[in-house]
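Coordinate analysis (summary)
If you want the building blocks of each chain, they are given just below.
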Amino acid sequence: MTNNKKTSKIKKPNFILFFLCYLIVTPVFKFKYKTTYDRFGLSDLKGPALILCPHISNIDFILVALALFPNRPTFVVSEHFMARPLIRWFLNKMHVIPKKMFCPDIKTIMSILRAKESSNIVVLFPEGRLTCVGHSLKVTEGTAELIKKMGVNVYTVTGNGAYKTLPKWGKAGMRPGKIHITTSKLLDASDIKNLTVVQINEILETAILHDEDKLFQETIYKCKTPALGLEGVLYKCPECGSEFETYTDAHKIYCSCCNFSSELDNRYKLHGAPFEHINDWYFWQESQIDLDVPLESDTILAVPGKDGNLNREAGYGRIYMNKKIIRFSGVCFGEPLDFVEKTSDIKAFPISVGDHFDMYHKKRMYNFILQPNPKHVIKWMMYLDKLSKENFYMSD
């Protein structure tokens with residue numbers, strides 16, 4: 001019986017490693033990236049508890065850990081991080097809970113409930129993936145049900161300015177400017193039992209709603225090449241309508257098919273475009289996608305091998321998507337691989353800008369590196385986002 005209890009316990013992050021990381025990272029974020037904290041919302045925080053955070057930037061994990069210190073939280077992270085050996089070593093020491101993204105994953109739910117029974121503080125990013133443009137996404141299905149099942153205090157931690165410090169599409173590294181971390185107590189454990197799942201979900205959507213374009217609009221984010229990489233998310237020319245003909249230099253995005261150009265300044269304002277902000281351009285692109293026109297592409301497959309490490313030459317084939325299905329036909333690790341998934345089951349693609357999107361089939365992760373131009377992943381992601389939104393509102 002004792003052994004079973006030990007097995008079921010979810011450990012907290014390694015104390016020595018966690019403390020050393022805190023000592024190293026804290027002064028860097030305080031003095032270089034101008035990070036400030038409002039921890040008032042966490043005044044009564046103790047485990048077990050659930051922390052829900054908008055996923056704005058790749059540094060969100062660091063910022064949340066800094067805000068929660070000296071508490072050592074249990075992070076729920078995408079399984080794709082575990083396919084990178086060096087990152088996997090660190091995450092194992094942090095005793096994270098891996099999650100298959102946009103895939104039914106009972107194992108993750110059970111691990112989160114075990115973490116609760118271990119009196120841990122669990123950190124979850126309920127959008128299920130990192131936003132590309134600093135605007136929040138919809139909360140994934142099942143989050144409200146999880147809150148109901150856990151029945152613990154729920155808090156939020158938001159790293160305002162984190163996207164502007166390290167945009168997902170940026171190729172210039174981190175940009176010192178301003179980060180302000182805010183916190184709040186979202187739900188008290190005693191209130192959760194009296195709320196319906198629908199009510200909890202409405203509270204979540206409001207709490208997670210986030211738009212970096214509306215924050216710190218006059219703050220300068222220091223960077224010599226602020227626009228570099230922007231073509232990875234702004235792929236459609238607003239002047240001539242051509243797609244994947246945009247390219248960037250240090251400060252501007254251009255279209256190779258016409259004379260259009262627009263400058264991005266260090267306040268994240270656009271000049272010379274019919275849009276003031278990146279988000280305006282991004283969501284205009286989404287509005288232009290015709291869901292009746294299927295997408296199809298050759299692709300290389302990147303898949304974790306038997307050793308758990310990602311093999312970027314695991315296979316190849318052709319992938320197709322319309323409003324109903326996603327179909328792949330090709331080869332993986334030398335064997336034929338053919339499958340069909342319903343778009344209503346997948347709902348969204350996590351992507352690495354300009355490189356690949358992730359999808360699970362039979363609980364196995366596949367990275368699709370579209371050929372001949374991997375930058376097309378942004379349109380595939382936006383197509384499925386638009387489709388899922390329309391399906392959601394039709395069913396509402």
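Located above this text is the structure these notes cover.
Now for a look at the structure at hand. (Residues numbered from 1 in each chain as written. Predicted model: local features only at pLDDT ≥ 70, side-chain atom pairs only at ≥ 80, totals over all residues. Heavy atoms only, no water.)

**Considerations on the nonpolar core**
Grouped together as the largest cluster of nonpolar side chains are 86 residues, with contacts concentrated most on F349 and I378. Residue contributions to this core peak at eight residues, all from helix α12 (residues 377–395). Not counting residues up to four positions away in its chain, the partners in contact with I378 are C132, G232, V233, Y235, F244, Y282 and I351. Listed in part, the 23 residues of the second largest apolar core include L52, V139, I200 and L204. (Core = buried A, V, L, I, M, F, W, Y, C linked by side-chain atoms within 4.5 Å. Buried < 20%, exposed > 50% of the residue type's maximum accessible area, 1.4 Å probe, protein only. Helix = DSSP H or I, 4+ residues; strand = E, 2+ residues; numbered from the N terminus. Contact = heavy atoms within 4.5 Å.)

**Description of the packing of helix α2 (residues 15–32) against helix α3 (residues 60–68)**
Relative to each other, α2 and α3 sit at 100°, their axes nearing to 10 Å. As summarised for this structure, α2 and α3 are arranged roughly perpendicular, according to the angle between their axes. On α3, the residues touching F18, Y22, V25, T26 and F29 of α2 are I62, L63, A65 and L66. For the contact of α2 with α3, the per-class residue count stands at eight nonpolar, one polar and no charged. (Axes fitted to C-alpha atoms, helices over the stretch in contact; angles between N-to-C directions. Parallel < 35°, antiparallel > 145°, perpendicular 65-115°, else oblique. Nonpolar A, V, L, I, M, F, W, Y, C, P; charged D, E, K, R; others polar.)

**Details of the packing of helix α5 (residues 106–117) against helix α6 (residues 143–150)**
Closest axis-to-axis distance for the α5/α6 pair is 11 Å, and the angle between their directions is 35°. Every pair of crossing elements has a handedness; the one defined by α5 and α6 is right-handed. Every residue of α6 that contacts α5 at I109, I112, L113 and K116 is listed here: L146, K149 and M150. Considering only residue class, the contact of α5 with α6 consists of five nonpolar, no polar and two charged. (Left-handed = near helix turned anticlockwise from the far one by under 90°.)

**A word on the environment of K324**
One can find K324 in the loop between β13 (310–321) and β14 (325–332). Once the C-alpha coordinates of K324 and S344 are considered, the two residues, 20 residues apart in sequence, prove to be 7.3 Å apart. In this structure, K324 is in contact with E341, K342 and T343, ignoring residues within four places of it in sequence.

**Comments concerning unusual backbone geometry**
A cis geometry characterises the amide bond from G47 onward to P48, with omega recorded as 0°. Assignment of secondary structure puts P48 in the loop between β1 (35–38) and β2 (49–52). In this structure, P372 follows Q371 across a cis peptide bond, with omega equal to 5°. Among the secondary structure elements, P372 is positioned in the loop between β18 (364–371) and α12. You will see that F216, though not glycine, has its phi angle at about 50°, which is positive.

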